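# Fold and contact review
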Amino acid sequence: MDATRRVTAVLGPTNTGKTHHAIDRMLAHRTGVIGLPLRLLAREVYDRIVARVGPSVVALVTGEERIVPERTQYWVCTTEAMPLEIGADFVAVDEIQLCADADRGHVFTDRLLRARGLHETLFLGSDTMRGAIAGLVPHVTFLKRERMSTLSYAGSKKISRMPPRSAIVGFSVENVYAIAELIRRQKGGCAVVMGALSPRTRNAQVALYQNGDVDYLVATDAIGMGLNLDIKHVAFSATAKFDGRRMRGLYPQELAQIAGRAGRHTEDGTFGVTGEARPFDEDVVEAIETHRFAPVRKLHWRNEALDFGSVERLIRSLEEPTGNDWLTRARDADDLLALKALAALPEVRDRLTEPKRVQLLWDVCRIPDFRSAGGVEHTTLLTRIFEFLVGRGLGGGRIPSDWLATAITRIDRTAGDIDTLSRRLAYIRTWTYVTQRKNWVEDESHWRDETRAVEDRLSDALHAALTQRFVDRRTSVLLRRLKQKEALVAEVNDKGEVTVEGEFAGRLEGFRFKQDASVTPDAARTLAQAALLALKPEFHLRADRFYNAPDTELDVTEQGGLMWGTNAVGKLVKGAEPAKPAVEAFVDEEAGPEVVEKVRRRLQHFIDRKVAAQFEPLLAMARDEALTGLARGFAFRLSEAMGVLPRDAVATEVKELDQDARGALRKHGVRFGQFTIFLPALLKPAPTRLRLVLWSLWNGLQEFPESPPPGLVTIPNVQEVPKQHYTLAGYHPAGTRAIRIDMLERLADILRQKDSRAGFEATSDMLSITGMTLDQFADLMAGLGYKGEKSERAKVKAETAKAPEISEEAAAAIAAGQPIPEEVSILAPPPEPEAEAAVPEMEAFYTFTWAPKPRPRPERAPRPERKEGDAPRAPRGDRPNGDRPLGDRPQGDRPRGDRPKGDRPKGDYKGGKPQRDERQKSFEARPPRAEKPIDPDNPFAALLALKGKV
């Protein structure tokens, strides 16, 4: 071997600086090529070299990306895309241990055997390749590099206890997403790195992690291939993966390749397991920590000397075995499987008329299945592309631009979730690969730029979707600021929205900070502290505005809450008196006692003024010193009831009030109704609403009854609701409905004019007052103590007056202008009655009579026997009646002095009470008693005989 073409194998574990050494060696030569296992790693190395020598002399060539300046000196490529024929001074192949990989191993083995630099060649990889390299590469020099830091096993840890700057490794997209979602909830967020990501998306996600925006990284085994990240701990969520054929456990050297990402330069790192992964065995831990693994015995190999004479000869050359003990024929890769599938299609075989077409078919079959479609779908796409390239149809040896444009346009959409965007990225990678092939499309530079632009847009959208789903920016910002020991900047806008370091933290509702519910528990306390710190001056400014706000901006809810606009700022609490409630302010403690007291005073002023305005008649009556004695006591009872008293509850007190006392109370608006004693001014909606709140507060109710909607004359009578609640609301329950108190008294005034014993019908005035139908009114009257009997009768229609018709003779005389003769009748004779009378229309009506429910009476002692000398019992007709109908009861709120005077026949009714002459006979409802002869022995016989003569 020429001494100037030295070959060196730089072997050792991760974090030994092998890739950095290769870059330095390549830049020491005039030209160089370096092959890397992943497109992501190739982009990283490309960026590092460009930063040192500039972009004008550095090329990037991968399956989907091709950046080749005119003065290219250094080529950074994926291993499959390495140019071997350019004669570079330096050639390097990284991760050479992938020669043992079942899928791609034949590519790395070929580079090991054939890739050489004119002056220097480097193979970088694991020490397990020492024997294989020595057996296959003559005169190779080995350079062993030791790890710069210590790697140790940390055992099993829960994700919730994962230390910062950790990477959690999964081996499926579903597993990666599930772990990322869990970390977002518990730790504020994470970056996601997978081999299927585009370099642009991967770099953006890595930047989140490297910049400290997030402290956690969730990735596939792609991070094991040379990605240099600031990782302190690597945790395996699983120890098995699907290798394209079957599920298998990871080999110790594969675990070490991934675990070796922990620790950077001289900083030590740790590795372990998490989730459902079982802890490592002791021998595996020892192998990873000491970097000692079983050497590689076999390398996967596939013949590179291909025969394009025919498709059968091509397949045979690809399947040619090897006689080298270090090599084993690789299993059929995806490209060979695609070749066999297309070769079996008649429409493809008919086009294989020359070796160039066979070679073209092989190039088409090498298009990677980025979409993982497999089977018929991928084969169909390859067949269509091959047909275009061989000149069938409109292609003319090229893929039609309009067909390609349609396919790309269908992909170029940035809307959708993570999975949708990932699929579109996989699709565009196919067309990016196709446009990189020489002479496959018209205007290659245009389509390369177009596919690159679409990939960039989809990559940005995918990065945004990943960040939105798996990163809580508020938490990440807080953690980063806290680590840097910087003061957090918080602001409050006009709408009360609070932001910390530009991120939404919550809202200021009144004088209480309501934190955003989506914030993670770990950052909730820090976020609240930062927000409340910024809110201190805002609390004082708001308190000043609130104290000077007019009462029209404040309100009381039906449950006793105190509102300032749409924000709750306090609530009513029980005070010393029912009409003097206290207040409790809703103010965060961080606002300070001064703000709390200012808000409380303003609320107290508001409720005091509101009570004084709504209950002014009651307060005026309480201040009236002219009320004395029973009138003052009754006014006190009415004030306690807040202006509404059921009459049956104070019947005794009402009877004791004389006319002067009643008149003094009437001056203050008190109305003595048939059923309720009330102040009409306090039945309005606003006082009623406040009365319910104050009464419920005073009686310690947990849930306050709500006032009925204003304007309703009747409301449903719910049996579960206490009668007192209806009274406080200004209604009187009767039947299935409750009628408004003032309307009930108007109805009572009308009923007093009726003869409730003989019976009466409902009038239109009664129905108009209640707003009810006849059947509903009957139910109401039943609730008031009346019995209604329903009957039917013929409906009397009002006859319309018809103009008299003129007789024919009179009409003829008038038409001729002659006088009507005397013997001629002016009016026409009446029409003959119809033979059959029409069926009369019937109408329903009720007859109401007084039928009160009997009152329970206490048991009385036996009547004592009459003795001589006892006074005679009063006749039964002179005894006071018990329950009487409304028509026989005394009028409610009508003073006797207000009755109109005048002459009227005696016995007439006024207000339902008969006015009788003293000489008139007393009548009873029962039949008259039969007269008995006078007993001559009765000592009162002489007096009885004189009855009626005096």
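A brief report on the enclosed structure follows. Note that the coordinates shown come from a computational prediction; the quantities given were computed from them, not determined experimentally. (Residues numbered from 1 in each chain as written. Predicted model: local features only at pLDDT ≥ 70, side-chain atom pairs only at ≥ 80, totals over all residues. Heavy atoms only, no water.)

## A word on the sheet that holds strand β30 (residues 714–716)
Pairing is antiparallel in the open sheet, where three strands are placed in the order β30-β32-β31. Lying at the two open borders of the sheet, with one neighbouring strand each, are β30 and β31 (731–734). Averaged over all pairs of adjacent strands, the angle between their axes in this sheet comes to 30°, without regard to strand direction. As paired strands, β30 and strand β32 (residues 737–740) are joined by three bridges and run antiparallel to one another. Along β32, the bridge assignment pairs I715 with A738. Sheet strands in contact with helix α26 (residues 741–751) are β31 and β32, and its direction is about 85° off that of β32. (Pairing = 2+ DSSP bridges. Helix = DSSP H or I, 4+ residues; strand = E, 2+ residues; numbered from the N terminus. Axes fitted to C-alpha atoms, helices over the stretch in contact; angles between N-to-C directions. Contact = heavy atoms within 4.5 Å.)

## A look at the packing of helix α15 (residues 418–436) against helix α16 (residues 444–470)
Put simply, α15 and α16 touch, their axes get as near as 9 Å, and they point 160° apart. Between α15 and α16, the interaxial angle falls into the category roughly antiparallel. For the crossing formed where α15 meets α16, the hand is left-handed. (Parallel < 35°, antiparallel > 145°, perpendicular 65-115°, else oblique. Left-handed = near helix turned anticlockwise from the far one by under 90°.)

## Comments concerning the packing of helix α5 (residues 173–187) against α16
Geometry of a packed helix pair, given as the angle between the helix axes and the separation of the axes. One can describe the packing of α5 onto α16 by two numbers: an axis separation of 8 Å at closest approach and a directional angle of 50°. By the angle between their axes, α5 is oblique relative to α16. Side by side, α5 and α16 meet where Y177, A180, E181 and R184 of the first sit next to L466, R469 and F470 of the second. Its residues assigned to classes, the contact of α5 with α16 comprises four nonpolar, no polar and three charged. (Nonpolar A, V, L, I, M, F, W, Y, C, P; charged D, E, K, R; others polar.)

## Section: the pattern of salt bridges
Opposite charge on two side chains allows them to pair when their charged atoms are near. Inspection of every chain in the model, using the stated rule, returns 49 salt bridges. Here D544 makes a salt bridge to K598, at a shortest N to O gap of 2.6 Å. With D544 in helix α18 (residues 521–547) and K598 in helix α19 (residues 593–614), this pair connects stretches of sequence that are 54 residues apart. Overall, D544 belongs to the partly exposed group, its relative accessible area being 35%. Through salt bridges with shared partners, one network takes in R39, R43, D47, E65, R200, R452, E455, D456 and D460. (Salt bridge = Lys/Arg side-chain N within 4 Å of Asp/Glu carboxyl O. Buried < 20%, exposed > 50% of the residue type's maximum accessible area, 1.4 Å probe, protein only.)

## Observations concerning the sheet that holds strand β10 (residues 166–169)
Reading across the sheet, the six strands line up as β9-β16-β13-β10-β12-β11 and stay open at both edges, with parallel pairing between neighbours. The two strands at the open ends of the sheet, each matched to only one other strand, are β9 (151–156) and β11 (191–193). Neighbour to neighbour, the strand axes of the sheet diverge by 25° on average, direction disregarded. Relative to strand β16 (residues 269–273), β9 runs parallel, the two being bridged by five bridges. Its bridge partner being in β16, S152 is matched across the sheet by T270. Against the sheet, α5 touches β10, β11 and β12 (216–219), its axis set at about 165° to β12. Here helix α8 (residues 282–290) sits on the sheet in contact with β9 and β16, set at roughly 150° to β9.

## Considerations on the side chain of H300
Here H300 lies in strand β17 (residues 299–301). Judged by relative accessible area, which is 18%, H300 ranks as buried. A distance of 3.4 Å separates the side chain of H300 from the backbone oxygen of A100, its partner in a polar contact. Not counting residues up to four positions away in its chain, the partners in contact with H300 are C99, A100, D101, A102, G105, H106, T109, T328 and A330. (Polar contact = N/O pair within 3.5 Å; in protein donor to acceptor, adjacent residues only side chain to side chain.)

## Quick notes on helix α6 (residues 199–210)
Here α6 spans 16 Å end to end across 12 residues, near enough to the 16 Å set by a 1.5 Å rise per residue. For α6, every residue scored as buried is listed here: P199, T201, R202, Q205, V206, L208 and Y209. Following α6 by one or two positions, G212 has its phi on the positive side, about 85°. (Expected span 1.5 Å × (residues − 1).)

## Structural notes on the nonpolar core
Of all hydrophobic cores here, the largest spans 65 residues; its most connected members are F511, L603, F634 and L665. The element contributing the most residues to this core is α18, with eight residues. Apart from residues no more than four positions distant in its own chain, F634 is found in contact with L645, V650, E653, V654, L657, L665, F672 and I677. (Core = buried A, V, L, I, M, F, W, Y, C linked by side-chain atoms within 4.5 Å.)

## Considering the pairing of strand β26 (residues 580–585)
The alternating pattern of β26 places P581, V583 and A585 on a buried face and K580, A582 and E584 on a face that is not buried. Pairing geometry for strand β25 (residues 567–577) and β26, over five bridges, is antiparallel. Note on β26: the bridge partner recorded for K571 is E584. Between the antiparallel neighbours β25 and β26 lie two residues.

## Overview of the pairing of β25
Here four bridges tie strand β24 (residues 561–564) to β25, and the two strands are oriented antiparallel to one another. What sits directly across from W564, in β25, is N567. In this structure, the hairpin formed by β24 and β25 is closed by a connection of two residues, where G565 is found at a positive phi of approximately 70°.

## Here we look at the packing of aromatic side chains
Enumeration over the complete set of coordinates arrives at 17 aromatic pairs. Each ring, one from Y153 and one from F271, has its centre 5.3 Å from the other, and the planes form 50°; the classification is tilted. With Y153 in strand β9 and F271 in strand β16, the pair connects residues that are 118 residues apart, well separated along the chain. On the numbers, 6.0 Å between centres and 15° between planes, the contact of F511 with W564 is stacked. Taken together, the positions of F511 in the loop between β21 (503–509) and β22 (512–515) and W564 in strand β24 put the pair 53 residues apart, joining distant regions of the chain. Taking the relative accessible area as the measure of exposure, F511 reaches 0% and is therefore buried. Pairwise contacts between aromatic rings join F760, F777, Y786, Y846, F848 and W850 into one cluster. The ring of Y433 carries the charged tip of R437 above its face, separated from the ring centre by 4.1 Å. (Phe/Tyr/Trp six-rings, centres within 6.5 Å; stacked < 30°, edge-to-face > 60°. Lys NZ or Arg CZ within 6 Å of the ring centre and 35° of its normal.)

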